[in-house]
Amino acid sequence: MKVVTTEFPATQGVLLAGGLARRMGGGDKPMRTIGGRTILERVIARLKPQCSGLILNANGDPARFAAFGLPVVPDDVPGFPGPLAGILAALDWTAANRRDVEWVLSAAGDCPFLPRDLVARLHDARARENAQLAVAASGEQSHPVIGLWRVALRDELRHALVVEDLRKIDRWTARYPLATVTWPVEPLDPFFNANTVEDIAEAERLAALDDAA
Ligand SMILES: Nc1nc2c(ncn2[C@@H]2O[C@H](COP(=O)(O)OP(=O)(O)OP(=O)(O)O)[C@@H](O)[C@H]2O)c(=O)[nH]1
């Protein structure tokens, strides 16, 4: 298995699981099983070696995630729609609990095949391009929910949410010098995410490919 050795600053990972999964009929998408393991197990296994710690952003009763052994951090702007609220919660948690850590990596909790060099390449790009933020893309598709965020920007992000009611993540990333790193979509898109019940069947097929790699 390929191990990434590039050095980069300590990075706190947050797995975003605060969505309502409406296209799948509700429930916790990351708790769906593909290829014999939950999506969340797969995300954790992929990111643990890349991050200095992981937290899970989810609302409601945290006990349902107890088996994963991660701190569960709810949105701190309750009811604010969209992933920016989860990212803000992670920046606040990191500022309070990991004072030496300046960067947070956010990842959708429903992306089971994340790249093994995700954090290294995002850091490399944002350092090289002197960017404040870095986000992932695959093929022609940008995935701004999967990105590197400076903890120091949390007050500006809170202002954007609470005062400006800024809901679209693209409008947030447009404010700063942004680095984008693109991964290939073959043999599988590392940012494939399961949104519908039909996607679960495709995820099973891709899980077999991923497990064999
Ligand atoms: N904290 C938080 N995270 C969210 C919210 N909405 C979406 N997310 C997260 O953002 C990522 C992308 O979410 P989507 O797939 O677009 O939305 P979803 O709610 O999971 O699914 P749909 O309801 O079917 O759109 C996932 O990791 C979600 O958990 C939210 O309101 N709060």
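No experiment lies behind these values; they were computed from the predicted model shown.

A. Main features of the UniProt feature "binding site: GTP" (unreviewed entry) in the chain. Taken from the UniProt record, the annotation "binding site: GTP" (unreviewed entry) applies to Leu16, Ala17, Gly18, Lys29, Asn57, Asp75 and Asp110. In the annotation above, Leu16, Ala17, Gly18, Lys29, Asn57, Asp75 and Asp110 are the residues that line the largest pocket. For lysine 29, the location among the structural elements is in the loop between β1 (11–16) and β2 (33–34). Not counting residues within four places of it along the chain, the set of residues in contact with lysine 29 comprises Ala21, Met24, Ile39, Asp110, Ala194 and Asn195. You can see asparagine 57 is positioned in strand β4 (residues 53–57). Those residues in contact with asparagine 57 that lie beyond four places of it in its chain are Val14, Leu15, Leu16, Ala17, Gly18, Val73, Pro74, Asp75, Gly86 and Ala89.

B. Representation of the sheet that holds β1 within the structure. Strand order in the open sheet formed by seven strands is β5-β4-β1-β6-β8-β7-β9, and the pairing between neighbours is mixed. In this open sheet, the two edge strands, each paired with only one partner strand, are β5 (72–73) and β9 (178–183). Judged from the two bridges that link them, β4 and β5 form a sheet pairing that is parallel. Along β5, the bridge assignment pairs leucine 56 with valine 72. Of the strands in this sheet, β1, β6 (103–108), β7 (133–138), β8 (141–150) and β9 are in contact with helix α3 (residues 118–128), which crosses β9 at around 140 degrees.

C. Summary view of the state of the cysteines. Counted by the stated rule, this structure contains zero disulfides. The closest cysteine sulfur to the non-disulfide-bonded cysteine 51 is located on cysteine 111, 14 Å from its own sulfur.

D. Just the UniProt feature "binding site: Mg(2+)" (unreviewed entry) in the chain, in detail. Under the UniProt annotation, "binding site: Mg(2+)" (unreviewed entry) lies at Asp110. You can see aspartate 110 is positioned in the loop between β6 and α3. The exposure class of aspartate 110 is buried, given its relative accessible area of 8%. With sequence-adjacent residues up to four places away left out, aspartate 110 is seen in contact with Lys29, Ile39, Phe192, Asn193, Ala194 and Asn195. A polar contact of 2.7 Å, which involves the side chain of aspartate 110, links it to the side chain of lysine 29.

E. Main features of the pairing of β7. Counting buried residues along β7, six of its six residues qualify, which places the element largely inside the surrounding structure. Judged by which residues are buried, β7 turns out to be covered on both faces: Leu133, Val135 and Ala137 on one side and Ala134, Ala136 and Ser138 on the other are all buried. Counting the residues between successive antiparallel strands, the hairpin from β7 to β8 contains two residues, one of them, glycine 139, with a positive phi of roughly 55 degrees.

F. Structural view of helix α4 (residues 154–162). Among the residues of α4, Leu157, Ala160 and Leu161 are the ones counted as buried. Down the axis of α4, the buried set is contained in an arc of 95 degrees. They therefore lie on one face. Those residues of α4 that are exposed and angled more than 90 degrees off the buried face are Asp155 and Val162. For α4, the secondary structure elements touched by its buried residues are α2 (84–97) and α5 (169–173).

G. A look at the packing of α2 against α4. The geometry of α2 relative to α4 is characterised by a closest axis approach of 10 Å and an angle of 150 degrees between their N-to-C directions. For the crossing formed where α2 meets α4, the hand is left-handed. Between α2 and α4, the contacting residues are Leu84, Ala85, Ile87, Leu88, Leu91, Asp92 and Ala95 on the first element and Arg154, Leu157, Arg158 and Leu161 on the second. For the contact of α2 with α4, a count of residues per class yields eight nonpolar, no polar and three charged.

Rules behind the numbers
- Residues numbered from 1 in each chain as written.
- Predicted model: local features only at pLDDT ≥ 70, side-chain atom pairs only at ≥ 80, totals over all residues.
- Heavy atoms only, no water.
- UniProt positions renumbered as here; feature names shortened; annotations may be inferred.
- 1 Å grid on protein atoms, 1.4 Å probe; cavity = no way out; pocket = protein on both sides within 12 Å on 5 of 7 lines; lining within 4 Å.
- Helix = DSSP H or I, 4+ residues; strand = E, 2+ residues; numbered from the N terminus.
- Contact = heavy atoms within 4.5 Å.
- Pairing = 2+ DSSP bridges.
- Axes fitted to C-alpha atoms, helices over the stretch in contact; angles between N-to-C directions.
- Disulfide = S-S within 2.5 Å.
- Buried < 20%, exposed > 50% of the residue type's maximum accessible area, 1.4 Å probe, protein only.
- Polar contact = N/O pair within 3.5 Å; in protein donor to acceptor, adjacent residues only side chain to side chain.
- Arc of directions from axis to C-beta.
- Left-handed = near helix turned anticlockwise from the far one by under 90°.
- Nonpolar A, V, L, I, M, F, W, Y, C, P; charged D, E, K, R; others polar.

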